[in-house]
Amino acid sequence: MRVVLSGGGTGGHIYPAVAIARQCEAENPDSTFLYIGGTRGLESKLVPQENIPFKSIDITGFRRKLSIDNLKTVMRFIQGVRKSKKC
């Protein structure tokens, strides 16, 4: 079974995903995993320590107010989608 995991930013998203991977692995030892997360989040450090293959996508969240940074976020999103389709 091939499984893609994703989530990040805080351990509150990362550790449950790792626990799911471990359970899948216990039930189906032939499982393979790929974790997709952000380049700046904790997942970029924690997931490789768990020996789970990791690919990063450069993405950020939207600002609450109108900002040029929101345009950059849209561009990062488009680039991230393109990159993830190549994986």
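Here is a short report on the structure shown in this document. (Residues numbered from 1 in each chain as written. Predicted model: local features only at pLDDT ≥ 70, side-chain atom pairs only at ≥ 80, totals over all residues. Heavy atoms only, no water.)

Some points on the environment of phenylalanine 62
Inference 1: Its place among the elements puts phenylalanine 62 in the loop between β3 (54-57) and α3 (68-86).
Inference 2: Along the backbone, phenylalanine 62 and methionine 1 are 61 residues apart, and their C-alpha atoms lie at a distance of 34 Å.
Inference 3: The contact partners of phenylalanine 62, leaving out residues within four places of it in the chain, are Asn70, Thr73 and Val74. (Helix = DSSP H or I, 4+ residues; strand = E, 2+ residues; numbered from the N terminus. Contact = heavy atoms within 4.5 Å.)

Here's the deal with the layout of surface pockets
It is a probe the size of a water molecule, rolled over the atoms, that shows where empty space is left.
Inference 1: In this model, the largest pocket occupies a volume close to 200 Å³.
Inference 2: Taken together, 17 residues line the largest pocket, and the ones lying closest to its centre are Gly37, Gly38, Glu43, Ile57 and Ile59.
Inference 3: Those elements that provide at least two residues to the lining of the largest pocket are β2 (32-38) and α3.
Inference 4: For the lining of the largest pocket, the residue count by class is five nonpolar, ten polar and two charged. (1 Å grid on protein atoms, 1.4 Å probe; cavity = no way out; pocket = protein on both sides within 12 Å on 5 of 7 lines; lining within 4 Å. Points joined across faces, edges and corners; volume = space filled by probe spheres on them. Nonpolar A, V, L, I, M, F, W, Y, C, P; charged D, E, K, R; others polar.)

Considerations on the pattern of salt bridges
Inference 1: Inspection of the entire model under this criterion finds three salt bridges.
Inference 2: Residue glutamate 50 pairs with arginine 22 through a salt bridge whose shortest N-O separation is 3.4 Å. With glutamate 50 in the loop between α2 (43-49) and β3 and arginine 22 in helix α1 (residues 11-27), this residue pair connects regions lying 28 residues apart in the sequence.
Inference 3: Classification of arginine 22 by relative accessible area gives partly exposed; the value is 29%.
Inference 4: A salt bridge links lysine 72 to aspartate 69; its shortest N-O distance comes to 3.9 Å. Of this pair, lysine 72 and aspartate 69 both sit in helix α3, three residues apart, which is roughly one turn of that helix.
Inference 5: Its relative accessible area of 43% is what places lysine 72 among the partly exposed residues.
Inference 6: What emerges from the salt-bridge pattern is a single network uniting Arg22, Glu25 and Glu50. (Salt bridge = Lys/Arg side-chain N within 4 Å of Asp/Glu carboxyl O. Buried < 20%, exposed > 50% of the residue type's maximum accessible area, 1.4 Å probe, protein only.)

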